[in-house]
Amino acid sequence: MTSLESARELLREFPVADGHNDLPWALREQVRYDLDARDVAADQSAHLHTDIPRLRQGGVGAQYWSVYVRTDSPDPVAATLEQIDCVRQLLARHPGDLRPALTAADMEAARGEGRIASLMGAEGGHSIANSLGTLRGLYGLGVRYLTLTHNDNVDWADSATDEPRAGGLTVFGREVVREMNRVGMLVDLSHVAATTMRDALDTSTAPVVFSHSSARAVCDHPRNIPDDVLERLPVNGGVAMVTFVPKFVLQAAVDWTAAADENMRAHGFHHLDTTAEAMKVHRAFEERRPRPVATVATVADHLDHMREVAGIDHLGIGGDYDGTAFTPDGLDDVSGYPNLLAELLDRGWSKADLAKLTWKNAVRVLGAAEDVARGLQATRSPSNATIESLDG
């Protein structure tokens with residue numbers, strides 16, 4: 001049996017529980033939630049990284065659907081509610097394939113039924129608009145993790161890709177983490193500054209997750225996790241889910257992106273500008289200096305390092321499909337997970353290791369958060385603190 005055949009066999013028993021997929025945002029941007037125009041029951045490879053046939057082909061058994069909204073959204077709470085509604089519409093349209101999941105037990109039930117457990121994660125603390133009541137409201141609607149920041153700081157936490165302001169978490173930021181622990185919502189530390197990671201680990205009494213982050217020691221990008229933080233996961237019980245985004249996993253891609261961004265600025269454009277004039281400048285740069293290409297082996301290098309530092313019980317997968325323009329060769333879309341497992345088998349990872357990576361760790365961490373929440377709810381009332389009262 002080849003490594004790829006062994007990987008596919010393993011995934012039939014222990015499928016991938018992926019920490020982050022931006023399909024709802026792609027559906028918003030491309031077709032304004034017209035799910036007939038992007039029917040994921042059929043092949044959508046011309047438009048999306050994700051559809052049900054390729055999820056099945058890739059051995060996906062659980063998916064956290066990101067209900068991300070932009071940090072500059074004029075009404076981020078309303079936009080997040082629309083994203084949640086999109087996920088609910090998807091579940092209603094495809095009940096034979098997608099099963100709503102709120103708990104670790106729901107994930108296991110979906111696995112037993114042969115359906116894809118569908119959970120939700122809100123990407124960025126701006127989605128709660130500095131309101132603990134809104135945080136609880138999102139939990140009530142099914143959101144099971146909150147990424148504390150996206151690319152920009154929030155009033156109470158520093159992002160990895162913004163200028164430091166709070167120095168990590170503010171007093172209110174710590175209260176957000178405590179309230180997430182109380183309700184059972186996972187604290188997601190992807191996108192946050194290393195100072196925020198450390199403050200959250202100091203504060204949280206429940207395991208944390210990194211829904212889509214890789215190793216800083218392997219690729220020096222601020223979105224990645226420093227070794228001193230990875231070293232704390234065994235005590236915390238948390239899980240770091242490796243991402244596939246080339247500019248977060250391949251150092252040459254980090255350097256290329258920085259040069260491409262500087263080229264755009266030198267020509268008077270914002271680096272995220274996608275107008276025809278800006279893209280002409282960008283394409284000319286790419287012709288002169290071809291984009292570096294990540295591979296399955298690139299991602300496996302991160303997992304090898306993360307296993308050495310944090311241990312096999314603290315690793316997972318968070319591909320970030322439909323949230324990135326580029327993907328590694330061999331991980332082109334959600335059908336590619338078996339290729340990663342085959343690479344790891346070739347590197348000596350055992351089937352027991354891979355079962356933890358794909359499924360067991362993700363289920364355990366959500367169940368642990370539920371256990372912590374039950375204990376806290378027996379001793380503590382909901383917090384009604386405000387950012388004004390705590391941060392002044």
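Higher on the page you've got the structure.
Q: Could you clarify how one ought to interpret the layout of surface pockets in this entry?
A: It is a probe the size of a water molecule, rolled over the atoms, that shows where empty space is left. Quantified by volume, the second largest pocket comes out at close to 230 Å³. Contributing to the lining of the second largest pocket are 16 residues, with L11, R12, P15, G59 and V60 lying nearest its centre. Counting only elements with at least two residues in the lining of the second largest pocket, the list comes to α1 (3-13), α3 (52-57) and β2 (60-66). Broken down by element, the residue count for the lining of the second largest pocket peaks at 4 residues, all from α1. Broken down by class, the residue content of the lining of the second largest pocket amounts to 5 nonpolar, 5 polar and 6 charged.

Q: Help me out: how do you make sense of the pairing of β2 in this one?
A: Every regular strand shows the same layout, with side chains that alternate between the two sheet faces. Buried residues dominate β2, accounting for 7 of its 7 residues. Sheet topology note: the strand β1 (residues 16-21)/β2 ladder contains 4 bridges and is parallel. Note that in β2 the partner of D18 across the bridge is Q63. Relative to strand β4 (residues 116-123), β2 runs parallel, the two sharing 5 bridges. Residue pairing across strands places Y64 opposite L119, the latter belonging to β4.

Q: Is there a simple way to explain helix α13 (residues 276-288) in this structure?
A: It helps to recall that an α-helix has 3.6 residues per turn; residues three or four apart then point in one direction. Here α13 spans 19 Å end to end across 13 residues, near enough to the 18 Å set by a 1.5 Å rise per residue. The elements touched by buried residues of α13 are α12 (251-266).

Q: I keep staring at unusual backbone geometry and nothing clicks. Help me out?
A: In terms of backbone geometry, most residues other than glycine have negative phi values and most peptide bonds are trans. Although it is not a glycine, H191 adopts a positive phi angle of roughly 75°. By secondary structure assignment, the location of H191 is in the loop between β6 (186-188) and α8 (194-203). In this structure, D320 is a non-glycine residue whose phi angle is positive, near 70°. Secondary-structure assignment places D320 in the loop between β9 (315-317) and α15 (337-346). D320 gets classed as buried once you look at its relative accessible area, which sits at 5%.

Q: Any chance you could explain the pairing of strand β5 (residues 143-147) here in plain terms?
A: Most of β5 is tucked away: 5 of the 5 residues are buried. By the bridge criterion, 4 bridges tie β4 to β5 in an arrangement that is parallel. Paired with A122 across the strands is L146, a residue of β5. On the question of chirality, the crossover connecting β4 to the parallel β5 by way of helix α6 (residues 132-140) is right-handed. Strand direction decides the pairing type here: β5 and β6, joined by 3 bridges, are parallel. The residue bridging T147 from the neighbouring strand is D188, located in β6. Chirality of the crossover, the property in question, places the unit of β5, helix α7 (residues 171-183) and β6 among those that are right-handed.

Q: Could you clarify how one ought to interpret the packing of aromatic side chains in this entry?
A: Following the criterion strictly, the structure yields 7 aromatic pairs and no others. When the ring of W156 is compared with that of F172, the centres are 6.4 Å apart and the planes differ by 75°; the resulting orientation is edge-to-face. Of this pair, W156 sits in the loop between β5 and α7 while F172 sits in helix α7, and the two are 16 residues apart along the sequence. F172 carries the same exposure label as W156, and that label is buried. Taken together, the aromatic side chains of F244, Y321 and Y337 make up a single cluster linked through ring pairs.

What counts, and where the lines are drawn
Residues numbered from 1 in each chain as written. Predicted model: local features only at pLDDT ≥ 70, side-chain atom pairs only at ≥ 80, totals over all residues. Heavy atoms only, no water. 1 Å grid on protein atoms, 1.4 Å probe; cavity = no way out; pocket = protein on both sides within 12 Å on 5 of 7 lines; lining within 4 Å. Points joined across faces, edges and corners; volume = space filled by probe spheres on them. Helix = DSSP H or I, 4+ residues; strand = E, 2+ residues; numbered from the N terminus. Nonpolar A, V, L, I, M, F, W, Y, C, P; charged D, E, K, R; others polar. Buried < 20%, exposed > 50% of the residue type's maximum accessible area, 1.4 Å probe, protein only. Pairing = 2+ DSSP bridges. Expected span 1.5 Å × (residues − 1). Contact = heavy atoms within 4.5 Å. Right-handed = clockwise from strand over helix to strand, strands pointing away. Phe/Tyr/Trp six-rings, centres within 6.5 Å; stacked < 30°, edge-to-face > 60°.

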